[in-house]
Amino acid sequence: MRLVPAVVAALLLAPPADAATWVVDGAGGGNWKSLAAIDWARIRPGDLLRIAGGQRHTGPLDVRASGAPGRPIVIEAGSGAVIDGDNRLEWCVRIDGSDHVTVRGLTVRDCVDAGFRIRNAEGVTVERSFVHAPARAFHVWRTSDVTIADNEVTTPDYVELQTDGIYSQENRGNRYLRNRIVISNGEPEGHDDGIQSYKDADLLIAGNYIEQRNAKTGNAQGIFITVPSGRMTVVDNTVYGPNTRNGLVTLLNQEGSSGSLDAFHNTLVGSQWGVIQIEDAPGSRIRNNIIYSTAQNAAGITVKGALPAPSDVDRNLYFLPRGRPGYLVDGADFDWRSWRGRGFERNGIAADPRLTDIARRRFAPAPGSPALGAAEVLPGLARDLPTTDIGAAAR
C-alpha cells in the first residue's frame, strides 16, 4: 500500500497510540481554561497538549514536565493562539530543566526579556512559531540538542532593549534552521543581532534568512559568534545588512577559545568592515559563498590573527566594486590579484553575481549569473543542499 504524503505527515505528527491528548481552552471546552491551570504532573512522555486556537493568553506558558527520547511532549497551538506579554511579562514561554519538549505553531509577543526562554534542557524543539520581540526572541542557555526551526521573528522599530533573533550561550550541538529573522530596531546603542552565539560548541546554523531592516551602522551583526569551541557550521543562509558596517558572518576566538568556522553556500549582502570576519580561527573553511558589498572601502573577508589555509578559502564569488576582497588586521589589505597571490581563491570569482532584485529581497542569481553551476561539490552537503550554484539555495 502506498501512502500519500498528507497521510504520512499526519501519522508522523500524531501522538503515540498510548499517549494522552490534553486541551487548554479558555471557552471551557478542554481540560484547563488557562495556561496557569495546567496540571503538569498528569502530562507524560509522548502526550500532546493542544492550546485552542483563536484565543489570547495574558499569562505565560511555564513548561514543567519532560518527555523522553523519541517520545517528546508536544505542545501544539491552534491557529490564532497568542501569548501576549503586553510589555510586562518577563518571558512568554519558559522551558527550564524540562527535556524532550516540542512547541509548535504558537504566536508570542511583547515579552520584555525573551519570547522563548530555554535553559538547562536537552532535546527541545520550537518550530513554526511567530515571535514579535521587544527583546530576545529566543534566549537559549546551557542546553544541548535543541532545534529552533522554521520560525518567524520580528521586532519593534525602536526599543531600548537588546533585540537578538536568537541569543545562544553555553550550548552544545544545537541547530538553528530555516528561521526568518528581521531586526527592525533602530535604537543605535543596543546590540541587536540576527543570531548571537557566546561560548557555544558545534552549532549548525543553516537555511536562515536574516535581515537588518534598520538604519543602524553598528551593533547590528548578522550571525555573530564569539568564544566558540568545536566547529561552527554556517551554511545556506541569506544575510542582508544594507546599512551596517558590522560583519554578516563573524567568528572571533577570544578568552582562549579555539573554535573554527565552516561557512559554505551563504549569500551575504552588505557590511563594510568585513562581510565575513574571523579571528584566530586557522581551521576555518570558507567556500561557495556570495560576498557582496557596494560600501566604500568594504572588505570581503577580514582576518585577525592566525590565517586559515589558503586552500580552505576558495570558490567564493566577490562583488566589491569599491572595496577589496581581503584585509588582514595585523597586516595589509589586498586587491584581487594580490589576494590570489597569497594562495586564496585559486578557483574564486570576482564578478557581479547578478542577484535578481535586492530591493525586493530576491537574492537568487538571475539567468546568466557567474554563480550558476560554479559551486564546488562539498562532501556531506551534496546530499542535503539542492544546489550547484555559489551562494544560498534559491527559495
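Everything numeric in this text was worked out from a predicted model, so none of it was measured. (Residues numbered from 1 in each chain as written. Predicted model: local features only at pLDDT ≥ 70, side-chain atom pairs only at ≥ 80, totals over all residues. Heavy atoms only, no water.)

Student: Sorry, what's going on with the confidence of the model for the protein here?
Tutor: Note that predicted coordinates carrying low pLDDT should not be read in detail. Mean pLDDT over the protein: 94, with 95% of residues reaching 70 or higher. Low pLDDT, under 50, characterises residues 1-5; the stretch is placed with two contacts to residues that sit more than four places away or in other chains. (pLDDT = per-residue confidence, 0-100. Contact = heavy atoms within 4.5 Å.)

Student: Would you mind showing me how to read the state of the cysteines here?
Tutor: Every disulfide links exactly two cysteines, by a covalent bond between their sulfur atoms. Tallied over the entire structure, the rule returns one disulfide. Residue Cys92 pairs covalently with Cys111 via a disulfide, S to S 2.0 Å. Looking down the S-S bond of the Cys92 and Cys111 bridge, the torsion is 100°, so its handedness is right-handed. With Cys92 in strand S7 (residues 91-96) and Cys111 in the loop between strand S9 (107-109) and strand S10 (114-119), this pair connects stretches of sequence that are 19 residues apart. For Cys92, a relative accessible area of 0% translates into the label buried. (Disulfide = S-S within 2.5 Å. Helix = DSSP H or I, 4+ residues; strand = E, 2+ residues; numbered from the N terminus. Buried < 20%, exposed > 50% of the residue type's maximum accessible area, 1.4 Å probe, protein only.)

Student: It is not clear to me how unusual backbone geometry should be interpreted in this structure. Could you clarify?
Tutor: Peptide bonds are trans in most cases, and residues, glycine excluded, mostly fall at negative phi. One non-glycine residue, Val227, adopts positive backbone phi at about 50°. Here Val227 lies in the loop between strand S22 (223-226) and strand S23 (231-235). Val227 gets classed as buried once you look at its relative accessible area, which sits at 9%. Positive phi outside glycine occurs at His265, with the angle close to 55°. Residue placement: His265 occurs in the loop between strand S26 (260-264) and strand S27 (267-270). Residue class for His265 comes out buried when judged on its relative accessible area of 3%.

Student: For this particular structure, what's the right way to read the environment of Gly259?
Tutor: Looking at the element boundaries, Gly259 is found in the loop between strand S25 (249-252) and S26. In this structure Gly259 comes out as buried when scored by relative accessible area, which is 1%. Remark: the alpha-carbon pair of Gly259 and Ala201, spanning 58 residues in sequence, is separated by 7.9 Å. Apart from the residues within four sequence positions on either side, Gly259 is in contact with Pro228, Ser229, Gly230, Leu251, Asn253 and Ala281.

Student: Can you walk me through the pairing of strand S18 (residues 180-183) in this structure?
Tutor: On any regular strand, side chains alternate: one points to one face of the sheet, the next to the other face. In the sheet, strand S15 (residues 152-154) pairs with S18 via two bridges, with the strands oriented parallel. Looking across to S18, one finds that Glu152 is bridged to Arg180. Of the strand pairs in this sheet, S18 and strand S21 (residues 209-212) are connected by four bridges, and their pairing is parallel. Bridged to Val182 within S21 is Glu211. (Pairing = 2+ DSSP bridges.)

Student: I tried to follow the packing of aromatic side chains on my own but got confused; where do I start?
Tutor: Remark: the centre distance and the inter-plane angle together describe each pair of aromatic rings, the angle taken between the planes. One pass over the full model with this rule turns up eight aromatic pairs. Ring geometry for Phe116 against Phe138: centres 5.1 Å apart, planes inclined by 15°, an arrangement best described as stacked. With Phe116 in strand S10 and Phe138 in strand S13 (residues 136-141), the pair connects residues that are 22 residues apart, well separated along the chain. Overall, Phe138 belongs to the buried group, its relative accessible area being 1%. The side chain of Arg136 reaches across the aromatic face of Tyr167, ending 4.8 Å from its centre. The ring of Tyr327 carries the charged tip of Arg324 above its face, separated from the ring centre by 5.3 Å. (Phe/Tyr/Trp six-rings, centres within 6.5 Å; stacked < 30°, edge-to-face > 60°. Lys NZ or Arg CZ within 6 Å of the ring centre and 35° of its normal.)

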